[in-house]
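Letter by letter, the chains look like this.
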Amino acid sequence: EQYGAWVIDADTIGHELLKTDTMKMNLGETFGSEILTSAGTIDRRGLGRLVFNNDDARQRLNRIVRPTIRAEIRRRIAEKRAQGDRDQGVIVVDAPLMVETGPTDLADLVILVTASPVARKARIILRNQLSEEEAEQRITAQVPDTRQAQWADYVLENNGTQEELV
């Protein structure tokens, strides 16, 4: 964004979608009312504990959430392109799981940012206030970088600070 590109953040879209009645209903029907708080919102941490301990549950979650996120990314890309010429129309889609299952039609260029398991774990714990065990479950559930790299045009190693990466 600081260089003039539009940024579409898939995680933000996912968090927004979890607040919708449709998604709350779909997830509640799939995983039970225990993933809902007393206020009727999705307990993201509780859902995470459930799906990161169970491959089948994670696949069910992905079948519900990912198509909706991809559709919203496509909608936002179309919206941005229709708006005009900001920095030659460069659109960056920040989507950590975009190529997890193979090539994507959402991008003209794919940049994979990797980090060591130690760096990932520390960042996940800090960002999400998770225990070491919860962070390790998330890392274990990720597709290995070597598999994702086959679809990447560029691979950046990010074991340092954000400033060092830029």
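The sections below set out a description of the structure shown in this document.

Quick notes on the rules
- Residues numbered from 1 in each chain as written.
- Predicted model: local features only at pLDDT ≥ 70, side-chain atom pairs only at ≥ 80, totals over all residues.
- Heavy atoms only, no water.
- Patch = residues over 30% accessible without salt bridge, like charges linked within 9 Å, V, L, I, M, F, W, Y side chains within 5 Å.
- Areas by Shrake-Rupley, 256 points an atom, 1.4 Å probe, with all protein chains shown as cover.
- Salt bridge = Lys/Arg side-chain N within 4 Å of Asp/Glu carboxyl O.
- Helix = DSSP H or I, 4+ residues; strand = E, 2+ residues; numbered from the N terminus.
- Axes fitted to C-alpha atoms, helices over the stretch in contact; angles between N-to-C directions.
- Left-handed = near helix turned anticlockwise from the far one by under 90°.
- Contact = heavy atoms within 4.5 Å.
- Nonpolar A, V, L, I, M, F, W, Y, C, P; charged D, E, K, R; others polar.
- Buried < 20%, exposed > 50% of the residue type's maximum accessible area, 1.4 Å probe, protein only.
- Polar contact = N/O pair within 3.5 Å; in protein donor to acceptor, adjacent residues only side chain to side chain.
- Pairing = 2+ DSSP bridges.

**Focus on a nonpolar patch on the surface**
- Together, Leu109, Ile111, Val113, Tyr154, Leu156 and Leu165 make up an exposed nonpolar region whose accessible area comes to about 530 Å².
- Of all elements in the fold, only β3 (111-114) and β4 (154-157) reach the threshold of two or more residues within the nonpolar patch.
- Residue position: Tyr154 is located in strand β4.

**Overview of the packing of helix α1 (residues 10-17) against helix α4 (residues 55-83)**
- Where α1 meets α4, the closest approach of the two axes is 10 Å, and the angle between their N-to-C directions is 120°. The two elements α1 and α4 cross, and the hand of that crossing is right-handed. On α4, the residues that touch Ala10, Ile13, Gly14, Glu16 and Leu17 of α1 are Thr68, Ile69, Glu72, Ile73 and Arg76.
- When the residues that make up the contact of α1 with α4 are grouped by side-chain class, the tally is five nonpolar, two polar and three charged.

**Focus: the environment of Thr30**
- If you trace the backbone, Thr30 turns up in helix α2 (residues 21-31).
- For Thr30, a relative accessible area of 28% puts it in the partly exposed group.
- Sequence-wise, Thr30 and Ile64 are 34 residues apart; in three dimensions their C-alpha atoms are separated by 9.2 Å.

**Considering the pattern of salt bridges**
- The full count for this structure, using the stated rule, is twelve salt bridges.
- A salt bridge links Asp21 to Lys24, with the nearest nitrogen and oxygen atoms 3.7 Å apart. Placement of the pair is Asp21 and Lys24 together in helix α2, with a separation of three residues, close to one helical turn.
- As a salt-bridge pair, Arg60 and Asp56 come within 3.3 Å of each other at their nearest N and O atoms. Residue Arg60 and its partner Asp56 are both found in helix α4; the two are separated by four residues, about one turn of the helix.
- Overall, Arg60 belongs to the partly exposed group, its relative accessible area being 27%.
- Residues joined in a network through salt bridges with shared partners are Glu16, Glu72, Arg75, Arg76 and Glu79.

**Structural notes on the environment of Tyr3**
- By the element assignment, Tyr3 lies in the segment before β1 (6-9).
- In this structure Tyr3 comes out as exposed when scored by relative accessible area, which is 63%.
- Along the backbone, Tyr3 and Thr146 are 143 residues apart, and their C-alpha atoms lie at a distance of 29 Å.
- Within the structure, the side chain of Tyr3 is placed 3.3 Å from the side chain of Gln2, a separation counted as a polar contact.

**A short note on the side chain of Gln137**
- Position of Gln137 among the secondary structure elements: in helix α6 (residues 132-141).
- Overall, the relative accessible area of 14% leaves Gln137 in the buried class.
- Here Asn53 takes part through its side chain, which lies 2.4 Å from a polar atom of the side chain of Gln137.
- Look past the residues within four positions of Gln137 in its chain and what remains in contact with it is Phe52 and Asn53.

**Digging into unusual backbone geometry**
- Phi is positive for Gln129, which is not a glycine, with a value near 50°.
- Here Gln129 is to be found in the loop between α5 (117-128) and α6.

**Some words on the pairing of β1**
- A one-sided burial pattern is seen for β1, the buried positions being Trp6 and Ile8 and the unburied ones Val7 and Asp9.
- Two elements, β1 and strand β2 (residues 91-94), share four bridges in a ladder whose sense is parallel. The residue bridging Asp9 from the neighbouring strand is Asp94, located in β2.

Any link to function would need more than the numbers given here.
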